[in-house]
Amino acid sequence: DIEFDYVIMDEASQVPVYLAIIPLMKTQKFILIGDDKQLQPITPNNTSNNLSKSIFNHMIEKYPQYYTSRNIY
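First things first, this report covers the structure right here in the doc. No experiment lies behind these values; they were computed from the predicted model shown.

Next up on the list: the packing of aromatic side chains. For the coordinates displayed, the defined rule picks out two aromatic pairs. Measuring from ring centre to ring centre gives 6.4 Å for Phe 56 and Tyr 67, while their planes differ by 80 degrees; the resulting arrangement is edge-to-face. In this pair, Phe 56 sits in helix α3 (residues 55-62) while Tyr 67 sits in the segment after α3, placing the two residues eleven residues apart along the sequence. Judged by relative accessible area, Tyr 67 falls into the partly exposed class, the value being 30%.

A word on helix α1 (residues 17-24). Since the α-helix packs 3.6 residues into each turn, any two residues three or four apart lie on the same face. Along α1, the residues that are buried comprise Val 17, Ala 20 and Leu 24. Buried residues along α1 cover an arc of 70 degrees about the axis, so they all sit on one side. In α1, those exposed residues whose orientation departs by more than 90 degrees from the buried face are Leu 19 and Ile 22.

Rules of the game
- Residues numbered from 1 in each chain as written.
- Predicted model: local features only at pLDDT ≥ 70, side-chain atom pairs only at ≥ 80, totals over all residues.
- Heavy atoms only, no water.
- Phe/Tyr/Trp six-rings, centres within 6.5 Å; stacked < 30°, edge-to-face > 60°.
- Helix = DSSP H or I, 4+ residues; strand = E, 2+ residues; numbered from the N terminus.
- Buried < 20%, exposed > 50% of the residue type's maximum accessible area, 1.4 Å probe, protein only.
- Arc of directions from axis to C-beta.

In short, geometric facts, not functional conclusions.
Structure, rendered in structure tokens:
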């Protein structure tokens, strides 16, 4: 029964949806940090395409206006 003010998920580009959804259900505000050009989550071969995508990539596709790309090199 815990609600969080914010959830900050680092390496969100490697977290599959089925693992990310639990903490995201406990907050109204969240920040996802990751690199969508890195490896995607490792999931079993029989996992559907929707579940094998990262939460980060789902959010980029659904809300591209909130995606920020910044090179730090």
